[in-house]
Amino acid sequence: MKTDRRNFLKTTGTLTMGSLLVPAIVKCTAKGGKYSLPGMGIQTYTVNSLMVSDPKAVFEKLAEIGFINIET
């Protein structure tokens, strides 16, 4: 693989993001899996077009699907 600035930044960025996940993974597997990751979240931007017509129904459907964390 050719080492240039773009590949260097891509590789170091990937390694950095991966290293941020390690504590959460270790915590989940420690003590026989007693701990769990925080619930799945979603950004409302992904359902922006639906939010215009009926936001309450959209939130109810997201909760039904399993999203418990919502970022506006």
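Structure: see above.
Residues numbered from 1 in each chain as written. Predicted model: local features only at pLDDT ≥ 70, side-chain atom pairs only at ≥ 80, totals over all residues. Heavy atoms only, no water.

(A) Region of the structure containing the overall build of the chain. Each helix and strand counted, the chain has 3 helices and 2 strands in total. Reading the helices (α) and strands (β) of the chain from amino to carboxyl end gives α-β-α-α-β. Of all 72 residues assigned to the chain, the portion counted as buried reaches 12%. Pairs at least 24 apart in sequence give 47% of the contacts found in the chain among residues at least 6 apart. With an accessible surface of roughly 6,300 Å², the chain has 63% of that area assigned to carbon and sulfur atoms. (Helix = DSSP H or I, 4+ residues; strand = E, 2+ residues; numbered from the N terminus. Buried < 20%, exposed > 50% of the residue type's maximum accessible area, 1.4 Å probe, protein only. Contact = heavy atoms within 4.5 Å. Areas by Shrake-Rupley, 256 points an atom, 1.4 Å probe, with all protein chains shown as cover.)

(B) Structural view of the pattern of salt bridges. Going through the model one piece at a time under the given rule, you end up with 1 salt bridge. The residue E64 makes a salt bridge to K61 at a minimum N-O spacing of 3.3 Å. Of the two residues, E64 and K61 are both situated in helix α3 (residues 55-65); the distance of 3 residues between them amounts to about one turn of the helix. Among the residues examined, E64 registers a relative accessible area of 61% and is labelled exposed. (Salt bridge = Lys/Arg side-chain N within 4 Å of Asp/Glu carboxyl O.)

(C) How the structure looks around the environment of I68. The topology assignment puts I68 in the loop between α3 and β2 (69-71). Given a relative accessible area of 61%, I68 falls into the exposed group. Each C-alpha atom of the pair I68 and I42 lies 8.3 Å from the other, and the pair is 26 residues apart in sequence.

(D) Structural context of the side chain of T44. The topology assignment puts T44 in the loop between β1 (41-43) and α2 (48-53). Setting aside residues no more than four positions away along its own chain, T44 makes contact with M51, F59, I70, E71 and T72.

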